[in-house]
Amino acid sequence: MDWTDDGIVLSARRHGECAALVQLLTKGHGRHAGLVRGGASRRNMGVYQPGNRVLARWRARLSEHLGTLNCELVQAYAAEVFGDADSLAGLSAACAVVEAALPERQPHEPVFTGLLAVVENLANDSAWPAIYVRWEIGLLANLGFGLDLRRCAATGEIQDLVYVSPKSGRAVSRSAGAAYRDRLLPLPGFLTGGTHVTENDVVDGLRLTGHFLSRHVFGPQNHGLPAARVRLYERLSVKCAGAN
């Protein structure tokens, strides 16, 4: 059996002398692995850089087999961000989160579409960190752990929402959360309709999504956040602190 699908490379690990075990996020077949013969060769290794968009063809005798992949490069997003350490950290984090969070071979087209938006904007839009945070919000929702940021969990208010309950994932207004603010997570305004995004907002957003990814996705697997995701948060936190 075989299929052809749009894909984004998540990782490529050497297998044997010159083959590579490649993980993709595909549009219609979810997170999917395959063996690429010659994938670790100098000629082909540039195709299988994390973040690159490819047209992938997978073949196997039976559906449960690992199978082989043959990929045609569509867009070399990895090369576009290679010279920017922040963008490269964002790309590495996004690919690592998808590979660790998504179950294998289950379609998650909204996650694919969102990841494509992230990698497309990394090199071209300085607002990519906010796009990244929104994508992680969407990833949580797609996995069944959506946050309710529309109204205050305590009062039902829709204005002045500045906190999130770390237990329920629901928004809390300034007045309702004042007495408990030390136990609540900050809610950046750009997640509730605001248009202005500061570096501090991005760090708060990453802290918010990181908490719920750890609580609902990685914690049950006895794993922490992927190392690349931790590095992204630390990198942008240090940058934010230096700017303040």
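Since the structure is predicted, the reported quantities are computational estimates derived from the model, not experimental observations.

Caption draft 1: Looking closely at unusual backbone geometry. Positive phi, normally seen in glycine, also occurs at Arg 105, with a value near 65 degrees. Residue classification places Arg 105 among the partly exposed positions, given a relative accessible area of 29%. Positive phi, normally seen in glycine, also occurs at Asp 160, with a value near 55 degrees. Tracing the sequence through the fold places Asp 160 in the loop between helix 4 (128-142) and strand 6 (161-164).

Caption draft 2: Structural detail: helix 2 (residues 85-101). In this model helix 2 runs 24 Å from its N-terminal to its C-terminal C-alpha over 17 residues, within 8% of the 24 Å that 1.5 Å per residue would give. For helix 2, the buried fraction is high: 12 of the 17 residues fall into the buried class. Capping of helix 2 at its N-terminal end is provided by Asp 84; its side-chain oxygen lies 3.0 Å from the backbone amide nitrogen of Asp 86.

Caption draft 3: Quick peek at the packing of aromatic side chains. Overall, the coordinates contain 2 aromatic pairs when judged by the stated rule. Their ring planes at 20 degrees and their centres at 5.9 Å tell us that Trp 3 and Trp 58 sit as a pair that is stacked. Of this pair, Trp 3 sits in strand 1 (residues 2-15) while Trp 58 sits in strand 4 (residues 53-59); the two residues are 55 residues apart in sequence, bridging distant segments of the chain. Each member of the pair, Trp 3 together with Trp 58, is buried.

Caption draft 4: Layout of the packing of helix 3 (residues 109-122) against helix 4. Where helix 3 contacts helix 4, the axes come no closer than 10 Å and their chain directions differ by 170 degrees. Comparing the axis directions of helix 3 and helix 4 gives the class roughly antiparallel. Of the residues in helix 4, those touching helix 3 at Pro 110, Val 111, Gly 114, Leu 115, Val 118, Asn 121 and Leu 122 are Trp 128, Ile 131, Tyr 132, Trp 135, Leu 139 and Asn 142. Split into classes, the residues belonging to the contact of helix 3 with helix 4 amount to 10 nonpolar, 3 polar and no charged.

Rules and cut-offs
Residues numbered from 1 in each chain as written. Predicted model: local features only at pLDDT ≥ 70, side-chain atom pairs only at ≥ 80, totals over all residues. Heavy atoms only, no water. Buried < 20%, exposed > 50% of the residue type's maximum accessible area, 1.4 Å probe, protein only. Helix = DSSP H or I, 4+ residues; strand = E, 2+ residues; numbered from the N terminus. Expected span 1.5 Å × (residues − 1). Polar contact = N/O pair within 3.5 Å; in protein donor to acceptor, adjacent residues only side chain to side chain. Phe/Tyr/Trp six-rings, centres within 6.5 Å; stacked < 30°, edge-to-face > 60°. Axes fitted to C-alpha atoms, helices over the stretch in contact; angles between N-to-C directions. Parallel < 35°, antiparallel > 145°, perpendicular 65-115°, else oblique. Contact = heavy atoms within 4.5 Å. Nonpolar A, V, L, I, M, F, W, Y, C, P; charged D, E, K, R; others polar.

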